[in-house]
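Coordinate inspection notes
So you can see what is in the structure, the chains are spelled out below.
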Amino acid sequence: MYNSCIYTFTHVLLSTGVTREFEGIANHFESHPYVRLILKYDEALSHSIYAASDMFIIPSIFEPCGLTQMIAMRYGSIPITRKTGGLNDSVFDVDDDTIPLQFRNGFTFLKPDEQGVNNALERAFNHYMKNNENWQQLVQRDMKIDFSWDSSSTQYEELYEKSVARARAANHS
């Protein structure tokens with residue numbers, strides 16, 4: 001039996017702050033069936049975009065924290081990010097053998113250029129199309145990651161307790 005799949009890739013940009021740079025592109029793609037540029041703030045629409053996407057590209061040059069990737073993962077959208085700032089602290093490449101498997105949760109690239117982005121996108125698309133079971137496991141794993149303050153505060157408490165214990169041990173020596 002022949003089994004075929006059709007993949008449709010829709011591109012959406014919801015943004016504020018870059019409006020002037022993208023107005024011409026938005027006008028160019030105004031009637032395109034698979035591309036939308038919405039250059040305004042729309043909270044409800046942003047949640048719909050997260051929920052409908054399989055992958056979320058965050059090619060930031062600079063990212064002090066980054067909530068976008070955390071929200072995307074909660075919705076089951078796999079992040080594709082540049083290794084910078086908070087993105088580097090929370091997105092770990094699925095192909096990085098130096099990271100324990102349970103922590104690998106997205107696709108990353110280092111250089112902020114076309115080649116870097118394209119390489120990460122190609123790896124993500126290949127994984128998506130050729131490894132459906134692994135992709136679903138990745139989605140499930142990402143949706144379960146706890147980025148809450150409860151989890152973070154527990155880790156900080158453990159770190160402080162270890163630091164205090166080391167300091168006391170050093171003082172008694």
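Quick look at the structure, then. This is a predicted model, so every value here is computed, not measured. (Residues numbered from 1 in each chain as written. Predicted model: local features only at pLDDT ≥ 70, side-chain atom pairs only at ≥ 80, totals over all residues. Heavy atoms only, no water.)

1. Describing the side chain of serine 53
Just so we agree on the cut-off: The numbering of helices and of strands both runs from the N terminus, where a helix is a DSSP run of H or I of at least 4 residues and a strand a run of E of at least 2. Counted as a polar contact is a pair of N or O atoms within 3.5 Å, where, for protein atoms, one must be capable of donating a hydrogen and the other of accepting one, and residues adjacent in sequence contribute only when both atoms are in side chains.
Secondary-structure assignment places serine 53 in the loop between α2 (43-52) and β3 (55-58). There is a polar contact of 3.2 Å between the side chain of serine 53 and the backbone oxygen of tyrosine 50. Looking at serine 53, its side chain comes within polar contact range of the side chain of serine 77, at 2.8 Å.

2. Quick look at the packing of helix α5 (residues 114-130) against helix α6 (residues 132-144)
Selection rule: Orientation is described by axes fitted as lines to C-alpha atoms, over the contacting stretch for helices, and by angles from 0 to 180 degrees between their N-to-C directions. Roughly parallel means an angle under 35 degrees; roughly antiparallel, over 145; roughly perpendicular, 65 to 115; everything else is oblique. In this analysis, two residues are considered to be in contact whenever any of their non-hydrogen atoms come within 4.5 Å of each other. Three categories are distinguished: nonpolar for Ala, Val, Leu, Ile, Met, Phe, Trp, Tyr, Cys and Pro, charged for Asp, Glu, Lys and Arg, and polar for the others, with Gly belonging to the last.
Contact pair α5 / α6: the axes reach a minimum separation of 5 Å and the direction vectors enclose 110 degrees. Overall, the two elements α5 and α6 adopt an arrangement that is roughly perpendicular. Along the contact surface, α5 presents Ala124, His127, Tyr128 and Lys130, while α6 presents Asn132, Asn134 and Trp135. Looking at side-chain class alone, the contact of α5 with α6 contains 3 nonpolar, 3 polar and 1 charged residues.

3. Description of a nonpolar patch on the surface
Going by this rule: A patch consists of residues whose relative accessible area exceeds 30% and which take part in no salt bridge; residues with like charges are grouped when within 9 Å of each other, and nonpolar side chains (Val, Leu, Ile, Met, Phe, Trp, Tyr) when within 5 Å. Methods summary: accessible areas were calculated by the Shrake-Rupley approach with a probe of 1.4 Å, and residue burial reflects only the protein chains presented. Definition used for salt bridges: Asp or Glu carboxyl oxygen within 4 Å of a side-chain nitrogen of Lys or Arg.
Taken together, Trp149, Tyr156, Leu159 and Tyr160 make up a surface patch of nonpolar side chains, about 550 Å² in accessible area. As for its position among the elements, tyrosine 156 is in helix α7 (residues 149-172).

4. Structural notes on the pairing of β3
Heads up, the rule is: Strand pairing is defined by DSSP finding a minimum of two bridges between the two strands. Looking down the strands as they point away from the viewer, one classifies a crossover as right-handed if the path from the first strand across the helix to the second runs clockwise.
As paired elements, β3 and strand β4 (residues 78-82) share 4 bridges and run parallel to each other. In the sheet register, methionine 55 faces β4, and the bridge partner there is isoleucine 78. You can see the chain leave β3, run along helix α3 (residues 68-74) and come back into β4, and the turn it takes is right-handed.

5. As for the pattern of salt bridges
Rules: Throughout, exposure labels follow a simple rule: accessible area from a 1.4 Å probe, protein chains only, divided by the maximum for the residue type, with under 20% read as buried, over 50% as exposed, and the rest as partly exposed.
Tallied over the full model, the rule gives 4 salt bridges. In this structure, the salt-bridge partner of arginine 123 is aspartate 93, at a minimum N-O distance of 2.7 Å. With arginine 123 in helix α5 and aspartate 93 in the loop between α4 (85-90) and β5 (107-109), this pair connects stretches of sequence that are 30 residues apart. With its nearest N and O atoms 2.6 Å apart, the salt bridge here joins arginine 123 to aspartate 95. With arginine 123 in helix α5 and aspartate 95 in the loop between α4 and β5, this pair connects stretches of sequence that are 28 residues apart. A relative accessible area of 46% places aspartate 95 in the partly exposed class. Through salt bridges that share partners, Asp93, Asp95 and Arg123 make up one connected network.

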